[in-house]
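Take a look at the letters that make up each chain.
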Amino acid sequence: MEYPVWQLTTLGGGFWVALISTVHVFVAQFAVGGGLFLVVTERMARKSGSQPMLDYVRKHSKFFLLLTMVFGAVTGVAIWFSIALLAPGGALTLIHQFLFAWATEWVFFLAEIVSLLVYFYGWDRLDAGKHMAVGWLYFFFGWMSLFMINGIIGFMLTPGDWLETRYFWDGFFNPTFWPQLFFRTALCVMLAGLFGFVTGTRIDDEEARGRIVRTCAVWTLIGLVTALPTGWWYIMALPAAQYELAMQESARVAWFMDSFWIFGPAVLVGGLALGIRMPKSVGFPLALAIMLLGLGLTGSFESVREAARKPYIIWGYLYSNGIAPGDMDTINEAGMLKAAKWVPEDLREVTEDNELEAGRWLYQLQCASCHAINGPLNDIMPKSAKYTEAGFDAFLAGMGKLNRYMPPFAGTGDERAALAAYVIRDLHGREAGELAMAEPGDAEIPEYDPDEAEYVLLAWADKGLRFATDTKAIRLRPAGQNLNAMLLLRGGFPEKITEDVTVSFTAPDGFPELSDDMAANDEGTLRAEGIKMLPYTESGYDPYPAMTVTATDADGTVLAETKAVLPVGTRMGCNNCHGGGWKHEDDQAGLSENTAMDILKVHDRMNRTKLAAKAESGETVDCASCHADPDLGENGNPERLNLSAAMHGFHAVYLKDRGQDACTFCHETPMYRGFHADAALECDDCHGDMTTHASSLLLSEKDEGKEQSDKYLRILAPGEEVTPRRPWTQEPSCTACHENFEAPYELNAPNNWNEEEASLYRLNVDDTGMVPCAACHSAPHAIYPAISDTDNIQPLQYMDDVRTIGGGNCAVCHDMEMDYPAHHPGMGVE
């Protein structure tokens, strides 16, 4: 960011560095091994007295000179030119820290040039001994050049103690110096054989051709076989973090890893095939093909090696976009656009008018070094196509934390949003859409005569809103809301009635026909479990169906009737980041199969599972089979994080520090629609912000000995005040804020969880032990007075008022005057 930006698009993203470097390394390693091949083969020819072989070596030396000294030198200069423009910070660091090493390497390189020229032009001017001596000198200078370059290349991958000492020799003789040196030497030998095939198969003399081709096969096979143990040594020398990037998380470089294991055996088989005497007409095309396979082998290896260095140019010292990790805090506070020297003055602050142009500059500063736009290498277009603007902003927020192949975003929240806007709006041409909010329908209040009615029927749902995933690929949150009811015989001391009565529920008009009887339980209430309700009606999406609940006697006479909302939603915001759109586009609802498949593919990539293939075979992936879900009563795999901890822990990395927006990003709104919402309280006022909410779940799993939680906790870094909790069994306690059931003086809910499941609000009862709290106060997240009359049907039915059932009106259930708060203190009796 200290330099002007070279704005490349289609052929950006490191394309030129990758292309030029791969070709140069391929030729440069041949220059080392080929020098040894020349002098050894010349010695064989002179010792055997074979003039055709000697003529071959002479011709091969000309090919060698042109390829290594001319083409190789040009590509070497091209590397410096390209990295100076694309990664100037990294190039400058290598020059400053290794000036002595570069100077030494250039001396060896100059000696290479001189000795190779003397060798080539000395065929007729030097005697055999001196000529071969020059050849040995060339090989020595070439290998020493490799020795010097090896130290610098290894430093970029594993700087080791240099990060602390800044000592030259610590950086040069870094942890991978020796294994990489031996590995690359083996590759040099292999490449000498591969290039020897190309020229050797052109020899006219059949006997000489056969001998040379067999010799090349030996070189190829020795080099390739030696590369296996030295390559393993190289891999095992990598520090743990880089080993994981290259090997354990190799799904991100799977194509290159697979290519390496394809090219390697192909070169082996090709070398063996050419080792058998073949006709000249067959040998040359095959030799050329095997040489190109060798190029593929080199390129795939270099790509895997580069994966172990991500997201750095110099591991731990400089990110791939040229930003130093030590500068991140300053940039995040002041802003990237202010820190970068070459940004135009009118773009230093992001405004509504310059947002897209500011985003374009941020893309060039932070993304273009690795990502092309509609180009062949790391094309940003397909990688970002699935995101909405909000989703891409969330991805940028978590970038570099779990996905360690990319550096973290550097800059302010406004700058991050500008970059997301540029990629989604400008590059993809999509405007940020708005979700059509679902509004509750008109409330139809059942008839009720307080002077004549003998019974009061109360009904409530277990949850303020039940999410359901209606997709075949994933069973994440299956439909299955629970409905509760209590039938009271009014009187001085109302009596709960469960015998000789039938209480049933019926779905409202427009929904698929659904009705059933509710079963009595030992607590004197009635319950229907797992009602398979989905929010789709004949007229559109409706997540707030008001179920009609009816109590009848043995003769079928209606004793009482009421309505209760059984909320269920399918608007989970997964497609913000996983693409796929909605399953029901007109309703903007439902988890689509494409979204579900992307979720599984991300899971596979990050956890080395094969869930996508399982779903593609027609089998439904049941999340609870691995991740325990107490809400469903499923234990999963006791060694893995439970579903709530895994889901919130992962997504908190991308959604932390967003307040209420973190909740609404994924969860349908308004799912939270009771009195507390009307009082301007938000989700995090009770559950804590995203960091607290996720960390409390993870800390509970950590207490259970599940070390996977540490991965997320290290990133979230919760304070000591976060209290562990179990999902669905520990929630914010009402009395944390409502001490003695009075109006709160302060909000104190986060980290004040109930101890046992029985004390959950939805399961708790009053001081008499008779009436469930939710019977009078309504379902969680829909506490009376709620913000819509659909959720207030029962208060309106029984009291013609919007407040807690019986609040200031004990006559709803009692036919005598009540002068003390029997249910709980502070209930306000008349």
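Further up the page is the structure itself.
The residue numbers shown here count from 1 along each chain, following its written sequence. For this predicted model, a pLDDT threshold of at least 70 governs which residues receive local features, and a threshold of 80 or more governs which side-chain atom pairs are given and counted, while totals over whole chains, interfaces and linings are taken from all residues. Just so you know, side-chain values use all the structure's heavy atoms and leave hydrogens and water out.

1. Things to note about the overall build of the chain
- Strands here are runs of E lasting at least two residues and helices are runs of H or I lasting at least four, both read from the DSSP assignment and numbered beginning at the N terminus. Tallying secondary structure elements over the chain gives 30 helices and 19 strands in all.
- Taken over the C-alpha trace, the chain has a radius of gyration of 36 Å; the compact-globule value for 830 residues is 28 Å, which it surpasses by more than 25%.
- Note on classification: 1.4 Å probe, protein chains only; a residue is buried when its accessible area is under 20% of the maximum for its type, exposed when over 50%, partly exposed between these limits. Burial analysis of the chain (830 residues in total) assigns 53% to the buried set.
- Of all intrachain contacts in the chain linking residues separated by at least 6 positions in sequence, the fraction that spans at least 24 positions is 69%.
- As displayed, the chain offers around 37,600 Å² of accessible surface, 56% of which is attributable to carbon and sulfur atoms.
- His residues and chain termini do not enter the charge count, which takes Lys and Arg as positive and Asp and Glu as negative. To locate a charge, the coordinates of NZ of Lys, CZ of Arg, CG of Asp or CD of Glu are taken. Of the side-chain charges in the chain, 60 are positive and 107 negative, and the distance between the mean point of each set is 21 Å. With the radius of gyration taken over C-alpha atoms, the globule rule is written as 2.2 Å times the number of residues to the power 0.38. Any two residues having at least one pair of non-hydrogen atoms within 4.5 Å are treated as being in contact. Each accessible area is a Shrake-Rupley estimate made with a 1.4 Å probe; only the visible protein chains count as cover when residues are assessed.

2. Concerning the nonpolar core
- By convention a nonpolar core is built from buried Ala, Val, Leu, Ile, Met, Phe, Trp, Tyr and Cys residues, the set being connected through side-chain atoms within 4.5 Å. One finds Tyr-363, Phe-392, Phe-395, Leu-419, Val-423 and Tyr-654 to be the most contacted residues of the largest nonpolar core, which totals 61 residues.
- Non-local contacts of Phe-392, meaning those with residues more than four positions away in its chain, are made with Ser-384, Tyr-387, Ala-420, Val-423 and Ile-424.
- Of all hydrophobic cores here, the second largest spans 58 residues; its members include Val-27, Ala-45, Tyr-56 and Trp-219.

3. Quick word on the pairing of strand β11 (residues 526-531)
- When DSSP finds two or more bridges between two strands, those strands count as paired. Sheet topology places strand β6 (residues 481-489) next to β11; 4 bridges connect them, and they run antiparallel. Within β11, the residue paired with Leu-483 across the bridge is Ala-528.
- Looking at chain direction, strand β10 (residues 519-520) and β11 are connected through 2 bridges and run antiparallel. When the sheet's bridge partners are listed, Ala-520 is paired in β11 with Leu-526.

4. Quick look at the sheet that holds strand β8 (residues 501-506)
- Strand order in the open sheet formed by 4 strands is β9-β8-β14-β15, with antiparallel pairing between adjacent strands. A single partner strand is all that each edge strand has here, and the edge strands are β9 (515-517) and β15 (558-565). Taken over all neighbouring pairs, the strand axes of this sheet differ in orientation by 20° on average, direction set aside. Interaxial angles span 0 to 180 degrees and are taken between N-to-C directions of axes, which are lines fitted to C-alpha atoms, for helices over the stretch in contact.

5. Overview of the side chain of Arg-348
- When you line up the elements, Arg-348 lands in the loop between α14 (336-339) and α15 (355-366).
- Within the local environment of Arg-348, its side chain forms a polar contact with the backbone oxygen of Lys-338, the two atoms lying 3.2 Å apart.
- A distance of 2.6 Å separates the side chain of Arg-348 from the backbone oxygen of Ala-340, its partner in a polar contact.
- Discounting residues that sit within four places of it in the chain, Arg-348 has contacts with Leu-337, Lys-338, Ala-339, Ala-340, Lys-341 and Val-343. Any pair of N or O atoms that falls within 3.5 Å is considered a polar contact. Within protein, one atom must be able to donate a hydrogen and the other to accept it, and sequence-neighbouring residues count only if both atoms are side-chain atoms.

6. Regarding the pairing of strand β3 (residues 455-461)
- Across the 7 residues of β3, 7 count as buried, placing the element largely inside the fold.
- Neither face of β3 is left uncovered, since the one carrying Tyr-455, Leu-457, Ala-459 and Ala-461 and the one carrying Val-456, Leu-458 and Trp-460 both have all their residues buried.
- Pairing between β3 and β6: 7 bridges, direction antiparallel. When the bridges of β6 are listed, Ala-461 appears paired with Leu-483.

7. Thoughts on a nonpolar patch on the surface
- Only residues above 30% relative accessible area that lack a salt bridge enter a patch, with like-charged residues linked at up to 9 Å and the nonpolar side chains Val, Leu, Ile, Met, Phe, Trp and Tyr linked at up to 5 Å. Counted as salt bridges are all cases of a side-chain nitrogen of Lys or Arg within 4 Å of a carboxyl oxygen of Asp or Glu. A contiguous nonpolar patch, built from Phe-100, Tyr-167, Trp-169, Phe-173, Trp-178, Phe-182 and Trp-233 and spanning about 780 Å² of accessible area, is present on the exposed surface.
- Counting through the fold element by element, Phe-182 comes out in helix α8 (residues 177-200).
- When its relative accessible area of 44% is taken as the criterion, Phe-182 is described as partly exposed.

8. Let's talk about the packing of α15 against helix α18 (residues 413-427)
- Orientation of α15 relative to α18, taken along the N-to-C sense of each, is 95°, at an axis distance of 7 Å. What the angle tells us is that α15 and α18 run roughly perpendicular. Of the residues in α18, those touching α15 at Glu-355, Leu-356, Gly-359, Arg-360, Leu-362 and Tyr-363 are Glu-415, Ala-417, Ala-418, Leu-419, Ala-421, Tyr-422, Val-423, Arg-425 and Asp-426.
- Residues are grouped as follows: nonpolar covers Ala, Val, Leu, Ile, Met, Phe, Trp, Tyr, Cys and Pro; charged covers Asp, Glu, Lys and Arg; every other residue, Gly included, is treated as polar. For the contact of α15 with α18, the class distribution of residues is 9 nonpolar, 1 polar and 5 charged. Each angle gets one of four labels, with under 35 degrees taken as roughly parallel, over 145 as roughly antiparallel, 65 to 115 as roughly perpendicular, and the rest as oblique.

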